[in-house]
2 protein chains.
Amino acid sequence: MKVTIIGLGLIGGSLAKDLRLAKFADEFIGIETSEVHAQQALELGLVDRIESLEAGIKDTDLIIIAIPVDKELEVLPVVLSGIDKNTTVTDMGSTKKVITSLVDNHPNRKQFIPAHPMSGTEYSGPHAAVEGLFKGKITIVCDHESSGPQHLALIEKMFQALEMNIAYMSSDEQDHSTAYVSHLPHAAAFALANAVQDKEDRNIIFDLASGGFRSTVRLAKSSCSMWKPIFEQNDQYVVDSLDEYIRHLQQFRDSIKNKHFDELEKLIISANKIRTILDGDHPHFIKNEEKIIKLYTKQQ
Amino acid sequence: MKVTIIGLGLIGGSLAKDLRLAKFADEFIGIETSEVHAQQALELGLVDRIESLEAGIKDTDLIIIAIPVDKELEVLPVVLSGIDKNTTVTDMGSTKKVITSLVDNHPNRKQFIPAHPMSGTEYSGPHAAVEGLFKGKITIVCDHESSGPQHLALIEKMFQALEMNIAYMSSDEQDHSTAYVSHLPHAAAFALANAVQDKEDRNIIFDLASGGFRSTVRLAKSSCSMWKPIFEQNDQYVVDSLDEYIRHLQQFRDSIKNKHFDELEKLIISANKIRTILDGDHPHFIKNEEKIIKLYTKQQ
């Protein structure tokens, strides 16, 4: 099998590593607009060769689009219009409603499976690619009834080769959930980094930064070219989630300001319930070995 | 040398482990109000024996107070009034102004060194005690000119045995810096945990929680009995820091809501500057081996 990966950064590069290790395909083609990244990807052995967009999407079994979501809006229609009838296309973008709406009426829509693996780091570029980035994590597959079953089956097989679990959602549900579980934490970290850097001497922050500060603000290192278009495309749910977060912060702040320390205690104890989610002692826990595939729908 | 540790949780227990390993003392006495924790500390070999507060603070060289800061307000005056003239007392609390004000005029004030090691985890209790918790981290020593030089020297020697660096500040400067670098990130995580749990199905959060979500919200697992009194005692600076944070979040939110994406880009790129602080490529970096001791004062 031949796989073409468009975008050889953190996600595309890590996919290339793991899919090769899993022997999911025997030929890996890269498409990369940055000459520097293309060269690095070849040096790192992420792909066998680099091709142009026009050539790389022809005569291939699977195309994985792993580029920032604004760039994807330009590339996806070109890809869907240029592929052979037996080629499957998937993407790894963090937003889905704008992207799926764009190709809803495309004649080759059935060949496309919109996906979003919930995995990443704050680093970017081919050198950020790591083995095992996806293992044990969950991936979202959107609007699966709009894709052809053969194409869907190939993408499910790919995610299983990566040892991922799959959650099926509508694009709208994915954008809502991802706003809270991923986009809001990134916005929170960006704003926290700015607030602290504004008010405190950088040398003091540097010296005093403990593990707690580092972990809370870690996502503020994330790349602007990836994250700006995510916030743009998921603007409504992100604004809602920020409003919700600001409301909770205000409540926390007011309980301290007004010396309502019983109220403060309630807020902390309520927040502590996140332990059962983070520490994995949760009845809903997915055992990856069993490859349980989850279905989230509004009807549930 | 004989060391008495009051409070055998995460901090007190970890201190006991590391000071013993460093052969800083040959006798470790524990004072612990929780019988369960006292028993666990003995089983874990953290201390040689448990004594009452009255007995444990007599005939000892060094007393380390490592209990929640509200409890410390009750214990510290009792300790200072009950000690021999050659006993040194230090504390590990995260707030300092309220605590130092309380004993400013105490006849044994010179025997007390207010300290705050910038190190910890989100866990608590004797079982949370780990080796190497303090190594390479910084500790703040407050108002050092109010302490006797012999007592100060012993505490400096203790922190050097733990392989920590020392920053000297006034209690007021420590409470300001710690508000931004430690207390605000905790408040941000508590509020984020509440916002997400309020708006999203717990099973979905659990399944989708990626590394990014986990790290941003990790501190929300922190114990209420430790953190409630910290927010109480440092209320003014914490409220200021929360106001600042909310202002930055609002700005971030407005740039998305109003589709001012150039502004959003500026905010993300500005936040990205935290990389140079977090990734250590910074001219101010302290080489621990050299035991550089830093002096922060308003005059700098």
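Small disclaimer: the values here were computed from a predicted structure and weren't measured.

Asks: Sorry if this is basic, but what is going on with the packing of helix H7 (residues 171-199) of chain A against helix H11 (residues 235-257) of chain B here?
Replies: When two helices pack together, their arrangement is captured by the angle between the axes and the distance separating the axes. Packing of H7 of chain A against H11 of chain B leaves a shortest axis separation of 8 Å and a crossing angle of 130°. With respect to H11 of chain B, the axis of H7 of chain A lies oblique. In terms of crossing hand, the pair formed by H7 of chain A and H11 of chain B is right-handed. Where H7 of chain A abuts H11 of chain B, its residues Ala187, Ala188, Phe190, Ala191, Leu192, Asn194, Ala195, Asp198 and Lys199 of chain A lie against Glu244, Tyr245, Arg247, His248, Leu249 and Phe252 of chain B. Residue classes in the contact of H7 of chain A with H11 of chain B are distributed as 9 nonpolar, 2 polar and 4 charged.

Asks: I'm lost on the pairing of strand S5 (residues 88-91) of chain B in this one. Help?
Replies: The side chains of a regular strand alternate, first on one face of the sheet and then on the other. Residue and element names in this part refer to chain B. Side chains of S5 alternate between two faces, with Thr88 and Thr90 and Val89 and Asp91 buried alike. In this fold, the crossover linking strand S4 (residues 62-65) to S5 by way of helix H4 (residues 69-82) has right-handed handedness. Sheet topology places S5 next to strand S6 (residues 112-117); 3 bridges connect them, and they run parallel. Counted as the bridge partner of Asp91 is Pro114 from S6. Handedness of the crossover is the feature at issue here: the chain leaves S5, passes through helix H5 (residues 97-103), returns alongside S6, and the resulting connection is right-handed.

Asks: Is there a simple way to explain unusual backbone geometry in this structure?
Replies: As a rule of thumb, non-glycine residues mostly have phi less than zero, and peptide bonds are mostly trans rather than cis. Residues and elements named next belong to chain B. Not every positive phi belongs to a glycine, and Lys23 is a case in point at roughly 55°. One non-glycine residue with positive phi stands out, namely Asp59, at about 55°. Note on placement: Asp59 falls in the loop between helix H3 (53-56) and S4.

Asks: Sorry if this is basic, but what is going on with the interface of chain B and chain A here?
Replies: The extent of an interface is frequently quoted as the accessible surface area lost upon association of the parts. Counting residues at the interface gives 91 residues for chain B and 91 residues for chain A. Summed over both partners, the interface of chain B with chain A comes to about 8,900 Å²; 68% of that surface belongs to carbon and sulfur atoms. At the surface where chain B touches chain A, the tally comes to 10 salt bridges. Note that Arg253 of chain A and Asp243 of chain B form a salt bridge whose closest N and O atoms lie 2.6 Å from each other. Summed over the shared surface of chain B and chain A, the result is 40 residue pairs in polar contact (both at pLDDT 80 or more). Elements with a contribution of two residues or more to the side of chain B that touches chain A: strand S7 (138-142), helix H7 (171-199), helix H8 (202-208), helix H9 (211-217), helix H10 (224-233), H11, helix H12 (261-272) and helix H13 (274-278) of chain B.

Asks: Looking at this structure, how should I read the domain arrangement of chain A?
Replies: Residue and element names in this part refer to chain A. Under the domain assignment used here, chain A contains domain 1 (2-170) and domain 2 (175-278). A separation of 30 Å is found between the C-alpha centroids of domain 1 and domain 2. Contacts between domain 1 and domain 2 engage 17 residues on the former and 17 residues on the latter. Together domain 1 and domain 2 conceal approximately 1,400 Å² of surface at their shared face, both sides included; 56% is due to carbon and sulfur atoms. Among the residues of domain 1 in contact with domain 2, Ser94, Thr95 and Glu122 are the three that bury the most area, contributing 40% of the side total. Across the domain 1-domain 2 interface, the total number found is 2 salt bridges. For the salt bridge of Arg218 with Glu122, the shortest nitrogen-to-oxygen distance reads 2.6 Å. The tally of links between domain 1 and domain 2 comes to 8 residue pairs in polar contact (both at pLDDT 80 or more). For the side of domain 1 that touches domain 2, the secondary structure elements donating two or more residues are helix H4 (69-82) and helix H5 (97-103). Class assignment for the residues of the side of domain 1 that touches domain 2 results in 9 nonpolar, 4 polar and 4 charged.

Asks: In this structure, what is going on with the pairing of S4 of chain B? I would like to understand it.
Replies: All names here are of chain B. On S4, burial covers both faces: Leu62 and Ile64 on one face and Ile63 and Ile65 on the other are all buried. The pairing of strand S1 (residues 2-6) with S4 spans 4 bridges and is classified as parallel. Bridge assignment links Ile6 to a residue of S4, and that residue is Ile65. As paired elements, S4 and S5 share 4 bridges and run parallel to each other. Each residue of the ladder has a partner; that of Ile64, found in S5, is Thr90.

Asks: Looking at this model, I keep getting lost on the relation of the copies chain B and chain A. Mind explaining?
Replies: Both copies of the chain are related through a single rotation about an axis accompanied by a shift along the same axis. With an RMSD of 0.0 Å, chain B superimposes on chain A once it is rotated by 180° and translated 0.0 Å along the axis. Within this description, the copies of the chain are treated as partners about a two-fold rotation axis. Residues of chain B ranked by C-alpha distance from the rotation axis are headed by Thr216 of chain B, positioned 2.1 Å from it. Interface overlap between copies: 100% of the residues of chain B at the interface are likewise at the interface in chain A, consistent with a symmetric, same-surface contact.

Asks: Help me out: how do you make sense of the nonpolar core in this one?
Replies: Generally speaking, nonpolar side chains in soluble globular proteins are found buried as a group. Core analysis: the largest hydrophobic core is formed by 132 residues, its most contacted members being Phe231, Tyr245 and Phe252 of chain A together with Phe231, Tyr245 and Phe252 of chain B. Discounting chain neighbours no more than four positions away, the residues touching Phe252 of chain A are Leu264, Leu267 and Ile268 of chain A together with Ala187, Phe190, Phe231 and Leu242 of chain B.

Parameters and conventions
Residues numbered from 1 in each chain as written. Chains lettered and ligands numbered in written order. Predicted model: local features only at pLDDT ≥ 70, side-chain atom pairs only at ≥ 80, totals over all residues. Heavy atoms only, no water. Axes fitted to C-alpha atoms, helices over the stretch in contact; angles between N-to-C directions. Helix = DSSP H or I, 4+ residues; strand = E, 2+ residues; numbered from the N terminus. Parallel < 35°, antiparallel > 145°, perpendicular 65-115°, else oblique. Left-handed = near helix turned anticlockwise from the far one by under 90°. Contact = heavy atoms within 4.5 Å. Nonpolar A, V, L, I, M, F, W, Y, C, P; charged D, E, K, R; others polar. Buried < 20%, exposed > 50% of the residue type's maximum accessible area, 1.4 Å probe, protein only. Right-handed = clockwise from strand over helix to strand, strands pointing away. Pairing = 2+ DSSP bridges. Buried area = accessible area lost by both parts, 1.4 Å probe. Salt bridge = Lys/Arg side-chain N within 4 Å of Asp/Glu carboxyl O. Polar contact = N/O pair within 3.5 Å; in protein donor to acceptor, adjacent residues only side chain to side chain. Domains from an automatic or database assignment. Least-squares fit on C-alpha atoms with pLDDT ≥ 70 in both. Core = buried A, V, L, I, M, F, W, Y, C linked by side-chain atoms within 4.5 Å.

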